[in-house]
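# Structural features, examined
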Amino acid sequence: SKYGSPISSQKIRQNIDGVSIHKLIQEYGSPLFVFSKQKITEKYLTLKEAFNSRYPDVRFSWSYKTNYLNEICKIYHDLGSIAEVVSEFEYQKARNLGIEGKDIIFNGPYKPKEDLKIAVKEGAKIHIDNFFELDDLEDIARELGVKIPVAIRINMDTGIYPAWSRFGFNFENNEAYEA
């Protein structure tokens, strides 16, 4: 080849988890995206052991924005992860996959009031990202007559530049304390 020596067929992957790539391409066509349940499980269990050996109360959550294909989400949930979602679409996807509200972390910078109300009623863990959400949650708490446990997202100067302050409440200007 004009670009150097040809690639040896020994260096080209021939199968994924014992399934011939050639046969997969014949059956499903190309391009084809293939995920290895075996590899995902292996990596997950390695990571879980690393954290559990140091922090016995750690709880993993699967970020739907990373990949919200049903089967991928199911793998992580079957391994014990709860759901971390950033939109009503992802929240409903988790619910449709059988994840209870109490096992959903509702995160992200935009959560409409009606979506927040559903999450509150279902016991989701809500991470507040801005004062608009805080105001909406105060209204919902009054309307439903409940106290809502929440977490707040904080951004701060960590010495890394450029500083990222797009999401959450700022620490340095006391916005986080005010929230």
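Scope of this entry: the structure provided in the associated data block.

Parameters and conventions
Residues numbered from 1 in each chain as written. Predicted model: local features only at pLDDT ≥ 70, side-chain atom pairs only at ≥ 80, totals over all residues. Heavy atoms only, no water. Helix = DSSP H or I, 4+ residues; strand = E, 2+ residues; numbered from the N terminus. Rg over C-alpha atoms; globule rule 2.2 N^0.38 Å. Areas by Shrake-Rupley, 256 points an atom, 1.4 Å probe, with all protein chains shown as cover. Lys, Arg positive; Asp, Glu negative; His and termini not counted. Charge placed at Lys NZ, Arg CZ, Asp CG, Glu CD. Patch = residues over 30% accessible without salt bridge, like charges linked within 9 Å, V, L, I, M, F, W, Y side chains within 5 Å. Salt bridge = Lys/Arg side-chain N within 4 Å of Asp/Glu carboxyl O. Buried < 20%, exposed > 50% of the residue type's maximum accessible area, 1.4 Å probe, protein only. Right-handed = clockwise from strand over helix to strand, strands pointing away. Pairing = 2+ DSSP bridges. Axes fitted to C-alpha atoms, helices over the stretch in contact; angles between N-to-C directions. Contact = heavy atoms within 4.5 Å. Left-handed = near helix turned anticlockwise from the far one by under 90°.

For the rest of this paragraph, the subject is the overall build of the protein. Looking only at helices and strands, one finds seven helices and nine strands in the protein. At 22 Å, the protein has a C-alpha radius of gyration far larger than the 16 Å of a compact globule built from 179 residues. Carbon and sulfur atoms form 54% of the exposed surface of the protein, whose accessible area is close to 12500 Å². Side chains of the protein carry 24 positive and 26 negative charges; the gap between the two charge centres is 9 Å.

For the rest of this paragraph, the subject is a nonpolar patch on the surface. Among the surface-exposed residues, Val150, Ile152, Ile154, Met156, Phe171 and Tyr177 lie close enough to one another that they form a single nonpolar patch of about 550 Å² accessible area. Assignment of secondary structure puts valine 150 in strand β7 (residues 150-152).

This part is about the pairing of strand β6 (residues 125-128). Where a strand is regular, its side chains alternate between the two sheet faces. Only one face of β6 is covered, namely the face carrying Ile126 and Ile128; the face carrying Lys125 and His127 is uncovered. Once you follow strand β5 (residues 104-106) into helix α5 (residues 113-121) and on to β6, the crossover reads as right-handed. Both β6 and β7 contribute to a ladder of three bridges, which runs parallel. Of the residues in β7, the one forming a bridge with isoleucine 126 is valine 150. In the classification by handedness, the crossover that spans β6, the intervening helix α6 (residues 131-144) and the parallel β7 is right-handed.

The next thing to look at is the sheet that holds β6. Strands sit in the order β3-β4-β5-β6-β7 across an open sheet of five strands; the sheet is parallel. At either margin of the open sheet sits one strand with a lone partner, and together these are β3 (61-63) and β7. Geometrically, the sheet is characterised by an average inter-axis angle of 25 degrees between neighbouring strands, direction not taken into account. Direction of pairing for β5 relative to β6: parallel, over a ladder of two bridges. By the bridge assignment for β6, phenylalanine 106 is matched with isoleucine 126. On the sheet, α6 packs against β6 and β7 and is oriented at approximately 135 degrees with respect to β6.

Bringing the packing of helix α2 (residues 37-52) against helix α3 (residues 70-78) into the picture now. Helix-helix packing is characterised by the crossing angle of the two axes and by the distance between the axes. At a closest axis distance of 10 Å, the pairing of α2 and α3 adopts a crossing angle of 35 degrees. The two elements α2 and α3 meet at a crossing, and its hand is right-handed. Facing Lys37, Ile40, Thr41 and Tyr44 of α2, the residues of α3 in contact are Ile72, Ile75 and Tyr76.

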